[in-house]
Amino acid sequence: MKALVTGATGFVGSHLVEELVQRGHEVHCLVRRTSNLQWLKGLPVRLVYGDVASKESLGAAVAGKDYIYHVAGVIQGKSQWAFDRANFFGTVNLLRACWRYNAGVRRFVLVSSLSAGGPSGRRRPVREEDPPRPISLYGKSKWKAEQAAGEFIGRFPLTIVRPPAIFGPRDRGMYPFFKALKKGIVVRVAGERKANFVYVKDVVAGTILAGEAEVAIGQTYYIAGERAYTWREFAQTAARVAGQAVREIVVPARVVRAVGVFNSVAAALTGKARMLDWQKSREILQPYWLCDTSKAKRELGYQPTYSLEQGLTETIRWYEEEGWL
Ligand SMILES: NC(=O)c1ccc[n+]([C@@H]2O[C@H](COP(=O)([O-])OP(=O)(O)OC[C@H]3O[C@@H](n4cnc5c(N)ncnc54)[C@H](OP(=O)(O)O)[C@@H]3O)[C@@H](O)[C@H]2O)c1
């Protein structure tokens, strides 16, 4: 089977590419002229040059593919436009290209995010049927992408997956946390904060399951790890796995908010986006990011195979072996 993976040079996309290759697919990777190809080195894949923000570049990429895994996305940006350009308009462009050049595609899988669904309550994780309540520019752009995809349901088979925070080898998003951990510091926001996480290999497995199951056509699924953890539990497990004694620094919510605003102003002045901006701080300050994976389990047979401990062990080992820690 021929599969196109957008975002193939990134954290999640490169793991998906590896797994698809492993399963015997002919994998085509949408890359940009500026993309760093380091994670694709040595893999038997074909490169197709294009940019989801440029619709002219996508026809050749989508034509003749059985599966299109749309993973490309921007997770850090300074404005709604920065997110929308890749996440919303990029998805619209790819959907339109698919409709025009490959309406017979077996499946178009959109990798969205729990951020599109929004935060949850304390006791009730969000479910697929809940009205989306994105609270960040990023989340809004992902929800807009999902809505765009919704307009193509019935034209070709389409499935959406929504992972929560993903961790694993090659991830730069959570890397600062592991770096601080190795220095013996864990920074945590005051109060109980609980979230679902997912190890990258489980997300990949769930995404492929969703992409191949007939029942998943036209459906959305939360794909997450075995259960939710408080940030404290997450950090303590990581510290244990790393064999690292840590000092916990508990930061009041108002400090996180202030740092977020400061970084956003700095980003506006310097033109350089920062990880913890006021948007990110809004997400971090939500106490509960819980999602319910029972639909994926029931309909797709999805079952996360990595415990938090196993996922963190592989992640930390990889960071160490690569000299990142
Ligand atoms: N990481 C998480 O915790 C998380 C959680 C939930 C959902 N997701 C979703 O998972 C997807 C992948 O995230 P990630 O963590 O792997 O991000 P990442 O490491 O930053 O990778 C992003 C990928 O998207 C590509 N890309 C960005 N803009 C593009 C454009 N205009 N045209 C073509 N390719 C473009 C990048 O290509 P270049 O190499 O050229 O920059 C890169 O390959 C995203 O859609 C994200 O919303 C991530």
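For the structure, see preceding data.
What you see is a predicted model, and the numbers here were worked out from it, not measured in a lab.

Chemist: Please clarify how the nonpolar core should be interpreted in this entry.
Modeler: Burial of nonpolar side chains together is a common tendency in soluble globular proteins. Ranked by internal contacts, the top residues of the largest apolar core, which has 64 residues, are Val5, Val17, Tyr69 and Leu300. For this core, the element with the most residues is helix 1 (residues 11-22), which contributes six residues. Those residues in contact with Tyr69 that lie beyond four places of it in its chain are Ala3, Leu4, Val5, Thr6, Leu16, Leu20, Val109, Thr207, Ile208, Gly211 and Glu212. Leu58, Leu110, Ala149 and Phe152 belong to the second largest nonpolar core, which has 24 residues in total.

Chemist: It is not clear to me how the pairing of strand 9 (residues 194-199) should be interpreted in this structure. Could you clarify?
Modeler: Two faces make up the sheet, and in a regular strand the side chains alternate between them. Across the six residues that make up strand 9, a large majority, five, are buried. Here strand 7 (residues 165-167) pairs with strand 9 via three bridges, running parallel. Bridge pairing in strand 9 links Phe167 to Tyr199. As defined by bridge partners, strand 9 adjoins strand 11 (residues 228-230) across three bridges and the pair is classed as antiparallel. Within strand 11, the residue paired with Ala195 across the bridge is Tyr229. Pairing of strand 9 with strand 13 (residues 288-289) involves two bridges; the strand directions are parallel. Each residue of the ladder has a partner; that of Lys194, found in strand 13, is Tyr288.

Chemist: Would you mind showing me how to read the site of the ligand here?
Modeler: Surveying the vicinity of the ligand reveals 24 residues, the closest of which are Thr9, Ser35, Asp51, Tyr138 and Lys142. Val52 places a polar main-chain atom, nitrogen or oxygen, 3.0 Å from a nitrogen atom of the ligand. With the chains in place, 85% of the 900 Å² that the ligand exposes on its own is no longer accessible. When residues of the shell around the ligand are traced back to their parent elements, those giving at least two are helix 1, helix 5 (137-150) and strand 7. Residues of the shell around the ligand, tallied by class, amount to 14 nonpolar, seven polar and three charged.

Chemist: Would you take a moment to explain the packing of aromatic side chains for this structure?
Modeler: Taken as a whole, this structure holds 23 aromatic pairs when the rule is applied. Consider the rings of Tyr175 and Trp324, whose centres lie 5.0 Å apart with planes at 65 degrees: the pair is edge-to-face. Taken together, the residues span a long stretch of sequence, with Tyr175 in helix 6 (residues 175-182) and Trp324 in the segment after helix 12 (308-321) at a distance of 149 residues. By the burial criterion, Tyr175 is buried, and Trp324 matches it. On the basis of an interplanar angle of 65 degrees and a centroid distance of 5.7 Å, the ring pair of Trp318 and Tyr319 is categorised as edge-to-face. For Tyr319, a relative accessible area of 0% puts it in the buried group. When the ring centre of Trp99 is taken as origin, the NZ or CZ atom of Arg155, which lies over that ring, is 5.3 Å away. Positioned over the ring face of Phe152 is Arg155, at 4.4 Å from the centre of the ring.

About the cut-offs
- Residues numbered from 1 in each chain as written.
- Predicted model: local features only at pLDDT ≥ 70, side-chain atom pairs only at ≥ 80, totals over all residues.
- Heavy atoms only, no water.
- Core = buried A, V, L, I, M, F, W, Y, C linked by side-chain atoms within 4.5 Å.
- Buried < 20%, exposed > 50% of the residue type's maximum accessible area, 1.4 Å probe, protein only.
- Helix = DSSP H or I, 4+ residues; strand = E, 2+ residues; numbered from the N terminus.
- Contact = heavy atoms within 4.5 Å.
- Pairing = 2+ DSSP bridges.
- Near = heavy atom within 4 Å.
- Polar contact = N/O pair within 3.5 Å; in protein donor to acceptor, adjacent residues only side chain to side chain.
- Areas by Shrake-Rupley, 256 points an atom, 1.4 Å probe, with all protein chains shown as cover.
- Nonpolar A, V, L, I, M, F, W, Y, C, P; charged D, E, K, R; others polar.
- Phe/Tyr/Trp six-rings, centres within 6.5 Å; stacked < 30°, edge-to-face > 60°.
- Lys NZ or Arg CZ within 6 Å of the ring centre and 35° of its normal.

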